[in-house]
Amino acid sequence: MTEEIMNGINGQVFAVWFLIGAALVFWMQAGFAMVEAGFSRAKNAGNILMKNLMDFCIGCCMFILIGFGLLLGEDMLGFIGKPGFDIFTAYQDFDWSNFIFNLVFCATTATIVSGAMAERTKFLSYCVYSGIISGLIYPIEAHWIWGGGWLAEMGFHDFAGSCAIHMVGGVAALVGAKMVGARIGKFEKNGAGSVTKVNAFPGHNIVIGALGVFILWLGWYGFNGAACTTPEQLASVFVTTTIAPSVATVVCMIFTWIKYGKPDVSMCLNASLAGLVAITAPCDVTDAFGAIIIGAVAGLLVVFGVWFLDFVLHIDDPVGAVAVHMINGVWGTIATGLFATTSAPGNDEVAGLFYGGGAHLLGVQALGVVTVAAWTAITMLIVFGLIKAIFGLRVSEEEELEGLDSTEHGLASAYSGFSIVDMSNAGMLENENTSLGKEAFENTSLNNSNYENASEAEKNASVPVVNAAAEMVNAGVISDSGINKVVIITKLSRYDKIKKALNNLGVTGITVTQVSGCGIQKGAGEKYRGVEMDVTLLPKIKLEVVVSKIPVDNVIEVAKRTLYTGKIGDGKIFVYPVSRVVKIRTGEENFDALQDVE
């Protein structure tokens with residue numbers, strides 16, 4: 001009688017823990033949002049937060065309509081569950097706990113893709129993708145593994161989702177990132193189209209990124225432990241879930257320290273997540289030694305994965321989602337077939353190759369990886385292909401450069417009240433025009449059909465020039481020193497083009513400041529929480545360059561041709577006289593002081 005009472009109490013306790021675990025997994029959405037926002041640029045932070053929010057909310061709607069039935073409905077030929085509407089027709093007998101538990105896992109799968117496609121994907125297109133993966137793609141393959149489908153019948157083991165969730169999300173991220181293309185400026189190509197250089201776009205807030213990793217790590221105790229049914233099993237899962245990411249992070253730190261000369265902060269944060277992903281499938285059937293090996297390999301794989309995408313595949317993944325989730329999801333699933341041991345509490349049947357279980361489990365795990373990856377890759381190619389054809393996947397070049405917060409959501413900045421300087425790939429290069437002076441202007445490509453067809457009045461109205469230097473010289477106020485300072489204020493989205501145009505003219509040194517401003521049109525009349533803002537401060541850039549050898553008129557003409565679109569806000573150009581320049585390092589003055597910065 002006492003034993004029956006204790007069993008009943010334990011059952012109730014673990015039923016409550018099951019729901020607490022689901023809440024912890026839901027909290028992981030905040031972690032994903034922080035990691036993705038912190039690892040991306042400030043101008044897209046609001047867009048990333050919105051996508052993570054909608055992943056869960058859209059996923060919930062789709063899970064109610066069809067996803068839950070496809071996942072846990074009555075098995076149909078081992079492939080899908082039978083869709084149903086018990087949540088509406090038989091609510092009193094509905095499996096509420098399983099619904100909410102599997103819903104939060106479904107949302108995790110969807111949100112993995114957000115980071116890989118960040119900073120250049122249309123919000124509408126992303127919402128459509130999120131609904132499809134939550135309603136169809138994830139529930140069907142998860143049924144194979146957890147809903148009594150064909151993989152479950154074969155003995156496939158994925159306790160918490162290295163394969164069903166992380167690898168699936170990672171494969172979808174790989175397909176999506178490839179189809180949407182790289183961010184502008186990520187890869188530099190030669191005339192033949194071959195990539196010659198990979199540029200880094202550092203995340204704007206590594207502190208927020210680190211907070212996200214800690215939130216995810218906390219949530220992972222629910223992710224891996226919620227389905228445990230005994231205190232011993234739960235404690236063992238907590239141990240392996242702690243060891244693997246810890247070892248992965250240490251290994252990554254040592255490796256990046258040796259390879260790059262300094263321990264890489266962002267890569268180590270990725271490594272913590274990689275270790276967690278890898279231990280997710282075998283967390284209930286492995287021991288401490290297995291967790292150490294799994295974590296150590298994960299710490300190396302994440303570095304390899306980031307390098308492989310950048311330098312071999314040339315696929316732009318801003319947050320390392322593919323390296324963390326796909327590659328280590330595969331590794332964790334395969335590692336189950338190697339390191340599963342019956343010494344783990346609650347495991348009397350599953351044994352891997354290295355623990356006397358033979359190669360059978362390893363073969364089943366490999367089969368599961370191949371089939372689930374193929375299902376995901378094929379369906380996501382179709383889904384993204386259809387979305388691209390119907391809605392388009394990618395925002396315009398100008399929208400991307402200006403930032404998705406502003407262009408997709410009417411949000412001037414996610415950091416209103418803060419000054420955020422957010423420009424990447426700002427280097428200037430020496431080229432054939434660097435020392436040519438007047439000849440450089442003739443060698444510079446200035447093709448802009450809009451500018452060529454515009455009248456002088458239109459040109460002057462769109463990109464007005466205030467040449468204070470010429471006015472002061474003509475009035476006899478100052479003598480012409482031959483040195484002028486050109487200040488250009490224009491849209492943030494025009495930065496890359498004007499920088500390249502000036503560089504091609506022979507300019508190799510500029511000062512760039514991100515500013516905000518509005519003219520008489522008072523911005524774009526955006527609304528905040530439904531209330532129209534009288535003045536919207538729009539993001540701008542101010543470029544300053546001091547020239548002597550290069551004629552100032554050439555700089556003005558190149559800037560006007562580059563910036564002109566005929567629309568309000570193309571920019572303004574100011575020219576000021578410079579009476580004296582001193583280079584502090586050498587003591588050189590005037591013309592000589594400028595020769596290594598023009």
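Please read these numbers as outputs of a predicted model, since none were measured by experiment.

**Some details on a nonpolar patch on the surface**
The grouping of Leu124, Ile378, Ile382, Leu386, Ile390 and Phe391 at the surface amounts to a nonpolar patch, some 600 Å² of accessible area in total. Ranked by the residues each element gives to the nonpolar patch, the list is headed by helix H13 (residues 360-390), at four residues. Looking at the element boundaries, Phe391 is found in the loop between H13 and helix H14 (397-402).

**Brief notes about the packing of helix H7 (residues 162-180) against helix H12 (residues 321-339)**
Closest axis-to-axis distance for the H7/H12 pair is 7 Å, and the angle between their directions is 140 degrees. Of the possible angle classes, the one that applies to H7 and H12 is oblique. Judged by the sense of rotation from one axis to the other, the crossing of H7 with H12 is left-handed. Only Val322, His325, Met326, Gly329, Val330, Gly332 and Thr333 of H12 make contact with H7, whose side of the interface consists of Ser162, Cys163, His166, Met167, Gly170, Val171, Ala173 and Leu174. Residues that form the contact of H7 with H12 fall into these classes: eight nonpolar, seven polar and no charged.

**Looking at the pairing of strand S11 (residues 572-577)**
Taken together, the three bridges between strand S5 (residues 465-467) and S11 define a ladder with parallel strand orientation. Bridge pairing in S11 places Asn467 opposite Val575. As defined by bridge partners, strand S6 (residues 484-491) adjoins S11 across six bridges and the pair is classed as antiparallel. Looking across to S11, one finds that Lys485 is bridged to Tyr576.

**Structural notes on the packing of helix H2 (residues 45-72) against helix H5 (residues 123-146)**
Across the interface, H2 lies against H5 with an axial gap of 8 Å and an inter-helix angle of 40 degrees. One way to sum up the angle between H2 and H5 is to call them oblique. Here H2 runs over H5; the crossing is right-handed.

**Considering the pattern of salt bridges**
Across all of its chains, the model carries ten salt bridges by this definition. With its nearest N and O atoms 2.8 Å apart, the salt bridge here joins Glu400 to Arg394. According to the relative accessible area criterion, Arg394 is partly exposed, its value standing at 26%. Where Arg561 meets Glu557, a salt bridge forms, and the shortest distance between an N and an O atom there is 2.8 Å. Of this pair, Arg561 and Glu557 both sit in helix H21 (residues 552-563), four residues apart, which is roughly one turn of the helix. Exposure remark for Glu557: the relative accessible area of 21% places this residue in the partly exposed category. Salt bridges here are not isolated pairs; linked through shared partners, they connect Arg41, Glu119, Arg183 and Asp316.

**What to know about the environment of Phe99**
Checked against the element boundaries, Phe99 lands in helix H4 (residues 96-116). With 39 residues separating them along the chain, Phe99 and Cys60 place their C-alpha atoms 9.9 Å apart. Setting aside residues up to four positions removed in sequence, Phe99 forms contacts with Phe63, Ile64, Phe68, Ile87 and Phe94.

**A word on the side chain of Asn102**
Structurally, Asn102 is set in helix H4. Within the structure, the side chain of Asn102 is placed 2.8 Å from the backbone oxygen of Asn98, a separation counted as a polar contact.

**Examining the environment of Phe255**
On the secondary structure map, Phe255 appears in helix H9 (residues 231-260). For Phe255, a relative accessible area of 32% puts it in the partly exposed group. With 13 residues separating them along the chain, Phe255 and Cys268 place their C-alpha atoms 9.9 Å apart. Aside from chain neighbours lying at most four places away, what touches Phe255 is Leu300 and Val303.

**A closer look at the state of the cysteines**
Scanning the model with the defined rule gives zero disulfides in all. Of the cysteine sulfurs around Cys57, a residue in no disulfide, the closest is that of Cys61, at 7.4 Å.

What counts and how
- Residues numbered from 1 in each chain as written.
- Predicted model: local features only at pLDDT ≥ 70, side-chain atom pairs only at ≥ 80, totals over all residues.
- Heavy atoms only, no water.
- Patch = residues over 30% accessible without salt bridge, like charges linked within 9 Å, V, L, I, M, F, W, Y side chains within 5 Å.
- Areas by Shrake-Rupley, 256 points an atom, 1.4 Å probe, with all protein chains shown as cover.
- Salt bridge = Lys/Arg side-chain N within 4 Å of Asp/Glu carboxyl O.
- Helix = DSSP H or I, 4+ residues; strand = E, 2+ residues; numbered from the N terminus.
- Axes fitted to C-alpha atoms, helices over the stretch in contact; angles between N-to-C directions.
- Parallel < 35°, antiparallel > 145°, perpendicular 65-115°, else oblique.
- Left-handed = near helix turned anticlockwise from the far one by under 90°.
- Contact = heavy atoms within 4.5 Å.
- Nonpolar A, V, L, I, M, F, W, Y, C, P; charged D, E, K, R; others polar.
- Pairing = 2+ DSSP bridges.
- Buried < 20%, exposed > 50% of the residue type's maximum accessible area, 1.4 Å probe, protein only.
- Polar contact = N/O pair within 3.5 Å; in protein donor to acceptor, adjacent residues only side chain to side chain.
- Disulfide = S-S within 2.5 Å.

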